[in-house]
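Working through the structure, step by step
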Amino acid sequence: MNYIPSKFRNNAVKALLNVNLRKNLTRAISHTLSKRVEVVSELPDWENLRQKAHEIKKHTIENLAYYLDLFEERATKNGVKIFRAKDSIEAKNYVLQIARKINARLCVKSKSMVTEEIGLREFLEENGIETVETDLGEFIVQLAGEMPSHITAPAMHKSRDEIGKLFSEKLGVKFTNEPEKLTNIAREFLRHKFLNADLGISGANFLIAETGSIVIVENEGNAGLSTTIPKVHIAITGIEKVIPRLSDLTVFFKILGRSATAQRFTSYVSIINSPKKNKPDSPEEIYVILLDNGRTNLLKSERLKQALYCIKCGACMLTCPVYQRVGGHTYGSIYPGPIGSVLTPAQLGLRDALLLPFASSLCGKCFEICPVKIEIHHLLLQLRAQAVDLGFASWLEKLIFKLWFIVMRNYKLYTSASKFLRYLLKLGIKPKVKSWSKERIFPELAPKSFKEIWRNQKT
Amino acid sequence: MKIGLFIPCYIDQLYPEVGLATVKILKRFGINFEYPIEQTCCGQPAFNTGYWKEAKILAEKFIQIFSNFDYIVSPSGSCVSMIKIFYPKIILTEDLQDISKKSLELTEFLVKVMNIDSTGAEFDHTVTYHDSCHALRELGIKTEPRILLRNVKKLKLIEMENPEDCCGFGGTFSVKFPEISSDMAKYKVNYILNSGAEFVTSTDQSCLMQIDSYARKNNLNIKTIHIAQILSNF
Amino acid sequence: MKSNIAKIKSKYNAGMELIEKFKFEFERVGGVFIKTSHKKVLDDISNIITIENVNQIFVEKFENEIDEVLKNLPVSQIITQPHSVEQLASVDASITGCDFLIAETGTIVFTHKENRFKSSLLLPRIHIVIADTKKFCPTFEEFFTKIDKNFDSIFMVTGPSRTADIEKVIVLGVHGPQKIYLLLIS
């Protein structure tokens, strides 16, 4: 598979030339961004809301152990079983254990990036449990055998024609490219799955410490059904999703939908506290898996831990000029785009995700749009420094910077070097940077430097 | 009030005319400034590529050179943001000696500190302004250059579509990911062309370098000019 | 005396504003808002049933006089005590009460109750909600101070089920209702 972070550049070159992909991306992104401006500008206190959200997240992450314990205590009291998973293997095995216990055959899944992160669907399928994505976008990428290309709009890279073809191939229906009809086909197909599922798996947008609640925000109703119909519900989520109070939701309600899908508010919010026995449509058992999987690596760094404030809205991806051009798959990571380039190294290790922090012009649009004010572009710089510290840079780059540094730290040397380069230029020797020059003319030295002119003027 | 003039290394080497234009403006307003000859680079290329140890040494040197000034002024939003925003990330606050507070990009200095809204320049052309990412998003400079440009005699300022979109330079990004970087330049160049302006200007010559490099390679009729050159045309 | 009338009047106006705000937001997300009365409610629902071609319907227990009224709905089957989810999936529409109406977003809030079935809010194609004016709450801020935190579960509904996963075209009724009606009894 070429979709790994180390193939970023190759993937990017291909994506840049993929006219169809770029058309699909541009359509989806420009639509969402322009709508977002509309729904954000309605709120005069947007900046204030961002600040509040930032502070709530900051406070929680600073006291994460406390709030996780509190959540566990309250949720346990509500009758919910909590499991803390160190990594994806522990999480997957725990899910399998529950699935085996209840003899599950069919599992319905609502949208959850954390389950993508640990590869849960594939794992359950390998173990003979049919697992179906029920969010329309996720369902489309599952049928196509792909990864989501955006965390809240998974099938954004596909056109209606491509989806129509996919449906007729995989579901044996007559080709149509009408979104209404395609949606209806998915509804019919998935309705059957909902009614027969024994296990429902969801993520969580928030966990509320004071009440032990699981909060899931969505538009289609699939999360509502996945957490209602099957007798067992497992919510898998990252440890960073906990927030202190129920009333904190008021802030996040205002920013999440607007940032994720340019909506004032999503169609559905489920706040789940406890399981119910003897009800035809309520889970009898609820489990919450709190996943670490590299998140405490971020917690260790005073600066990088900001990345844990992320509420997974995906706005930074949409606004990023790099993502806009190459799409989510190019990154080869579950979380693409700017925030993905911070989260992925924490999960895979920086060596395997080395290119990602460098794949940014550092324009800062990600920070500008981030509803919880994560300084994503600065975190990328932090990771670049880590990469150099760990010795991951190429020998050539190291050599160039070594020489550059020697020259820059001594202005006399700098002046001599400046003269020497001009001497070379006179001899017809010009510096060349091949990678730069394909589409751009490499800038040339001025006949005289400013320093030289300044000196001459003075004397 | 004593001003230290900081001419970034790439302006020194590639675009000395931008430095001279800055000097001309400062002189016009009788601003007491000095150009410390021992200055080289603020360290940004190293910092942005991850060589923080090297950047830190250059930053310390920079601070030493510029510590005796009331303000440090530079015709580059990007290099000023290195000093203002990024030095505090590599140097302990007590060693910074207010250097980050004292550093200002040229247009910001003219408008905010000197209360100047016109340099008395004349420029009989249509001009569009490109917001450099560092000036805009790190330093919050948006209105200052526009105020000064609007008050240039005969100049007509035309806003392009998406003036805030990145030109794609990004320092080492443009070398590590030339294809993406060039594609970003392509879009920027189109916005500029569509604006119909004769010139594109900015607080940052590095953006203009990227735009010019792309435009020339592709034989596009775009003229770049640093804002200091327009503002010093008196 | 005069100030009392003024007080009542301003309270009434504030109440009206709340309803208008809710109506605006609810309609903006695609909900159908109908003002009705105890006398008119059966006629209004009967109308919906005709327009939407509803044959089978689930009716939640209201534990008040509405229960009696709704017995006379012109449908072929009324389910009030479902035994299975399949039953709820087979009806064309559901009629339920609700607990809060949040004006700022046009959101209808349902808390868990013995006689409430969450899947009845999602499975049928049409969802009809009956509410009275006491249910209004201006904002979520106020809502979260009002509710008892020992709830079992809360479900918030803001308009019909929707998706924009295919080329950003909005399609209603993905997994949940395609249409949602709010009948306000005043």
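Residues numbered from 1 in each chain as written. Chains lettered and ligands numbered in written order. Predicted model: local features only at pLDDT ≥ 70, side-chain atom pairs only at ≥ 80, totals over all residues.

Topic: the environment of Asp-165 of chain B
The condition that has to hold: Where helices and strands are cited, they refer to DSSP runs of H or I of at least four residues and of E of at least two residues respectively, numbered from the N terminus. The contact rule is simple: place each C-beta atom from the backbone, and if two of them lie within 7 Å, those residues are in contact.
Along the chain, the position of Asp-165 of chain B falls in the loop between β6 (156–157) and α11 (173–176). Sequence separation of Asp-165 of chain B and Asp-131 of chain B is 34 residues, and the distance between their C-alpha atoms is 7.6 Å. Contact partners of Asp-165 of chain B, with chain neighbours within four places excluded, come to Pro-321 of chain A together with Tyr-187, Lys-188 and Tyr-191 of chain B.

Brief notes about the domain arrangement of chain A
All names here are of chain A. Rule in force here: Domain segmentation is taken from an automatic or database assignment of domains. Only Asp, Glu, Lys and Arg are considered charged in this grouping, and only Ala, Val, Leu, Ile, Met, Phe, Trp, Tyr, Cys and Pro are considered nonpolar; every other residue, Gly among them, is considered polar.
Here the domain parsing of chain A yields domain 1 (1–42 + 325–393), domain 2 (43–293) and domain 3 (396–458). Of note, the centres of domain 1 and domain 2, computed from C-alpha atoms alone, are 23 Å apart. Broken down by class, the residue content of the side of domain 1 that touches domain 2 amounts to 10 nonpolar, 6 polar and 4 charged.

Some words on the sheet that holds strand β2 (residues 56–59) of chain C
All names here are of chain C. What counts, and what does not: Pairing between strands is defined by DSSP: at least two bridges between the two strands are required. The axes are straight lines fitted to the C-alpha atoms, using for helices just the contacting stretch, and the angles between their N-to-C directions are given from 0 to 180°.
With parallel pairing, the 6 strands of this open sheet are ordered in space as β1-β12-β7-β4-β2-β3. Strands at the two margins of the open sheet, each flanked by one partner only, are β1 (32–36) and β3 (77–79). Direction aside, neighbouring strands of the sheet carry axes that sit 20 degrees apart on average. As paired strands, β2 and strand β4 (residues 93–96) are joined by 3 bridges and run parallel to one another. Within β4, the position partnered with Phe-58 by the bridge is Ser-94. Along the sheet, helix α2 (residues 41–51) contacts β1, β4, β7 (126–132) and β12 (179–185); its crossing angle with β12, the most-contacted strand, is approximately 170 degrees.

Thoughts on the packing of helix α3 (residues 46–62) of chain A against helix α12 (residues 249–261) of chain A
All names here are of chain A. What counts, and what does not: In these notes the angle categories are as follows: under 35 degrees is roughly parallel, over 145 is roughly antiparallel, 65 to 115 is roughly perpendicular, and the rest is oblique. Two helices cross in a left-handed way if the nearer one is turned anticlockwise from the farther one by less than a right angle. They cross in a right-handed way if the turn is clockwise.
Put simply, α3 and α12 touch, their axes get as near as 10 Å, and they point 120 degrees apart. It follows from the interaxial angle that α3 and α12 lie oblique. Seen from above, α3 lies across α12 with left-handed handedness. Where α3 abuts α12, its residues Leu-49, Arg-50, Lys-52, Ala-53 and Ile-56 lie against Val-251, Phe-252, Lys-254 and Ile-255.

As for helix α22 (residues 450–458) of chain A
So the rule is basically this: Three exposure classes are used, all based on how many other C-beta atoms lie within 10 Å of a residue's own C-beta (placed from the backbone): buried at 20 or more, exposed at 12 or fewer, and partly exposed between those limits. The arc in question is the one traced by the directions running from the helix axis out to the C-beta atoms.
Those residues of α22 of chain A that fall on the buried side of the exposure criterion are Phe-450, Lys-451 and Trp-454 of chain A. Along α22 of chain A, the residues classed as buried sweep out an arc of 100 degrees about the axis, all on the same side. Next to the buried residues of α22 of chain A lie α20 (411–426) of chain A together with α1 (9–14) and α2 (16–28) of chain B.

Quick look at the environment of Val-173 of chain A
All names here are of chain A. For Val-173, the position within the fold is in the loop between α9 (160–171) and α10 (179–196). A sequence separation of 12 residues divides Val-173 from Ile-185, and the C-alpha atoms of the two residues are 8.2 Å apart. Beyond its immediate stretch of four places on either side in the chain, Val-173 contacts Phe-167, Ser-168 and Ile-185.

So, the interface of chain A and chain B
Every contact between the two is made by 45 residues of chain A and, on the other side, 50 residues of chain B. Of all the elements in the fold, those that place two or more residues in the side of chain A that touches chain B are α1 (8–17), α15 (321–326), α18 (376–389), α19 (395–408), α20, α21 (434–437) and α22 of chain A. Here the residues of the side of chain A that touches chain B are counted per class, giving 29 nonpolar, 6 polar and 10 charged.

Some words on the environment of Ile-239 of chain A
Residue and element names in this part refer to chain A. Its location among the elements puts Ile-239 in the loop between β7 (232–238) and β8 (242–243). With 22 C-beta atoms packed within 10 Å, Ile-239 lands in the buried category. The spatial distance from the C-alpha of Ile-239 to the C-alpha of Lys-181 is 39 Å, given a sequence separation of 58 residues. In contact with Ile-239, other than residues within four places in its own chain, are Leu-64, Leu-68, Leu-290, Leu-291, Asp-292 and Arg-295.

Considering the interface of chain A and chain C
Taken together, the contacts link 51 residues of chain A with 40 residues of chain C. Only α2 (19–41), α8 (136–144), α9, α10, α11 (222–226), α12 and β9 (268–272) of chain A provide two or more residues apiece to the side of chain A that touches chain C. Ranked by residue count, the leading element in the side of chain A that touches chain C is α10 of chain A, at 8 residues.

As for unusual backbone geometry
Its identity as a non-glycine residue notwithstanding, Lys-373 of chain A has a phi of 55 degrees, on the positive side. As for its position among the elements, Lys-373 of chain A is in the loop between α17 (365–369) and α18.

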